[in-house]
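Single-letter residue listing:
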Amino acid sequence: HLAEAARNIAKRFERMEVKVLDEADMRRLGMGALLSVTQGADEPPRMIVLQYRGAGPKAAPIALCGKGVTFDTGGISIKPAPKMDEMKFDMCGAGGVLRAMAAIGELQPPINVVAVIPACENMPGGRATRPGDIIKSLSGQTIEIINTDAEGRLILCDAITYAKRFKPRCIVDVATLTGACVVALGHVYTGLFCNDESLARSLLEAADRSLDLAWRLPVHEEYGESLRSNFADFANSGTRDGGASVGANFLSRFVDGVPWAHLDIAGVAWRANANKGATGRPVPMLVDFLLNAGGQ
């Protein structure tokens, strides 16, 4: 469904084109982190690449990566039953990136943008990845799976690695990544993690202008201490303390010095109970950021 939505966007707007990778493509490329998440699911995974070319071919694009887990049971590390119905919203990062791309298609600004969206389900089953398994990501780094419910970072790390082949001027990933971000910021602010002061400032200014609020949280290297592994380069899950920063630290290991920001939208992407439904955040922030980025 997400792949079809991307195809429809590419059909509707000028300067837009789409490419969809299937499981065989991912296996050939070596996207072992993404494929480890989808092993237990019958629904086939997709990697969606949607490009908008509004500037010249020499202008480096802005890359957007959106987490697209269309249903997240937690896998073998299965979630408790209460509120699991809300895990259909675990694709809100992907949905937000797609909607931002559609807005850019309508507005036709003079910039280049590429969206890389990993889409899959995280299901338990006889073929599912188990805690203790070792996997190899597209980057070549190996990962010990401690918790199969820390799956968003696994699909995003391969998406970030793939996005680097477009030589982007920056990468912004968007994900309902951690419950810890909800504990830290509630349902008001998006958590912003960033390795570049200029990029962080641009995103925070876009958040203020669009009234789609964000708050910067740390992504210091010491947050990665609990990701140490005896058997792999690092683990996919660490301590619960500062868990949002631990997740961001994991993703930071795949950007290789590219200016990068991580938007943890776990607290703002949807509402529960009587107001149940997606909010559309952080589409306003992303669109404002892109419109003010300049073509370069």
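Everything that follows concerns the structure shown earlier in this document.
The shown structure was predicted, so the numbers you read here are calculated from the model rather than taken from an experiment.

Draft legend 1. Highlighting the overall build of the protein. In terms of helices and strands, the protein carries nine helices and 14 strands. Dimensions of the protein, computed from the C-alpha atoms along their principal axes, are close to 45 × 40 × 40 Å. Element-wise, carbon and sulfur atoms account for 50% of the exposed surface of the protein, whose accessible area totals about 12,500 Å². Mean positive and mean negative side-chain charge positions of the protein (32 and 33 charges, respectively) differ by 4 Å.

Draft legend 2. Quick peek at helix 8 (residues 243-252). With nine of its ten residues buried, helix 8 lies for the most part within the structure. The set of residues buried in helix 8 consists of Gly243, Ala244, Ser245, Val246, Gly247, Ala248, Asn249, Phe250 and Leu251.

Draft legend 3. How the structure looks around helix 4 (residues 92-107). Helix length check: helix 4 (16 residues) gives 22 Å between terminal C-alpha atoms against 22 Å at 1.5 Å per residue, within 8%. The buried fraction of helix 4 amounts to twelve of the 16 residues, a majority that puts the element mostly inside the structure. Every buried residue of helix 4 is listed here: Cys92, Gly93, Ala94, Gly96, Val97, Leu98, Ala100, Met101, Ala102, Ala103, Ile104 and Gly105. Directly after helix 4, the chain includes Gln108, whose backbone phi takes a positive value near 55 degrees.

Draft legend 4. Examining the pairing of strand 8 (residues 170-175) more closely. The buried fraction of strand 8 amounts to six of the six residues, a majority that puts the element mostly inside the structure. When strand 3 (residues 62-66) meets strand 8, the two strands line up parallel, connected through five bridges. When the bridges of strand 8 are listed, Cys65 appears paired with Asp173.

Draft legend 5. Spotlight on unusual backbone geometry. For the bond from Arg281 to Pro282, the omega torsion is 5 degrees, close enough to zero to count as cis. Within the element layout of this structure, Pro282 appears in the loop between strand 14 (277-278) and helix 9 (283-291). For Lys167, which is not glycine, the phi torsion reads 50 degrees and is therefore positive. With a relative accessible area of 67%, Lys167 lands in the exposed category.

Draft legend 6. Spotlight on the sheet that holds strand 11 (residues 234-235). Spatial ordering of the open sheet is given by 6-7-11, a layout of three strands whose pairing is mixed. If you trace the sheet from one side to the other, it starts and ends with strand 6 (134-136) and strand 11, each paired once. In this sheet, strand 11 lies alongside strand 7 (residues 142-144) in parallel orientation, the contact comprising two bridges. The residue bridging Glu144 from the neighbouring strand is Ala235, located in strand 11.

Draft legend 7. Spatial organisation of the packing of aromatic side chains. Inspection of every chain in the model, using the stated rule, returns six aromatic pairs. Aromatic pair Phe234 and Phe254: ring centres 5.9 Å apart, planes at 85 degrees, arrangement edge-to-face. With Phe234 in strand 11 and Phe254 in the loop between helix 8 and strand 12 (260-264), this pair connects stretches of sequence that are 20 residues apart. Comparing Phe234 with Phe254 shows no difference in burial state: the two are buried. For the cation-ring pair, Arg253 lies above Phe234, with the distance from its terminal atom to the ring centre recorded as 4.8 Å.

Draft legend 8. Region of interest: the packing of helix 7 (residues 197-210) against helix 9. Running from N to C, helix 7 and helix 9 point in directions that differ by 120 degrees, and their axes come no closer than 8 Å. The orientation of helix 7 with respect to helix 9, classified from their angle, is oblique. Handedness of the crossing formed by helix 7 with helix 9: right-handed. Within the contact between the two elements, helix 7 uses Leu199, Ser202, Leu203, Ala206, Ala207, Arg209 and Ser210 and helix 9 uses Pro284, Met285, Asp288 and Phe289.

Draft legend 9. Region of interest: the packing of helix 4 against helix 9. Where helix 4 meets helix 9, the axes come as close as 9 Å, and the angle between the chain directions of the two elements is 45 degrees. Here helix 4 lies oblique to helix 9, going by the angle between them. Along this stretch, helix 4 crosses helix 9, giving a crossing that reads as right-handed. Between helix 4 and helix 9, the residues in contact are Gly96, Arg99, Ala100, Ala103, Ile104 and Leu107 and Val283, Leu286, Val287, Leu290 and Leu291, respectively.

Draft legend 10. Representation of the pattern of salt bridges within the structure. Under the counting rule described, the total for this entry stands at 18 salt bridges. A salt bridge links Asp42 to Arg127; the shortest N-O distance between them is 3.7 Å. With Asp42 in the loop between helix 3 (32-38) and strand 2 (46-53) and Arg127 in the loop between strand 5 (112-122) and strand 6, this pair connects stretches of sequence that are 85 residues apart. Comparing Asp42 with Arg127 shows no difference in burial state: the two are exposed. Ionic contacts of the salt-bridge type, sharing partners, join the residues Arg12, Arg99 and Glu106 into one network.

Definitions and cut-offs
- Residues numbered from 1 in each chain as written.
- Predicted model: local features only at pLDDT ≥ 70, side-chain atom pairs only at ≥ 80, totals over all residues.
- Heavy atoms only, no water.
- Helix = DSSP H or I, 4+ residues; strand = E, 2+ residues; numbered from the N terminus.
- Areas by Shrake-Rupley, 256 points an atom, 1.4 Å probe, with all protein chains shown as cover.
- Lys, Arg positive; Asp, Glu negative; His and termini not counted.
- Charge placed at Lys NZ, Arg CZ, Asp CG, Glu CD.
- Buried < 20%, exposed > 50% of the residue type's maximum accessible area, 1.4 Å probe, protein only.
- Expected span 1.5 Å × (residues − 1).
- Pairing = 2+ DSSP bridges.
- Phe/Tyr/Trp six-rings, centres within 6.5 Å; stacked < 30°, edge-to-face > 60°.
- Lys NZ or Arg CZ within 6 Å of the ring centre and 35° of its normal.
- Axes fitted to C-alpha atoms, helices over the stretch in contact; angles between N-to-C directions.
- Parallel < 35°, antiparallel > 145°, perpendicular 65-115°, else oblique.
- Left-handed = near helix turned anticlockwise from the far one by under 90°.
- Contact = heavy atoms within 4.5 Å.
- Salt bridge = Lys/Arg side-chain N within 4 Å of Asp/Glu carboxyl O.

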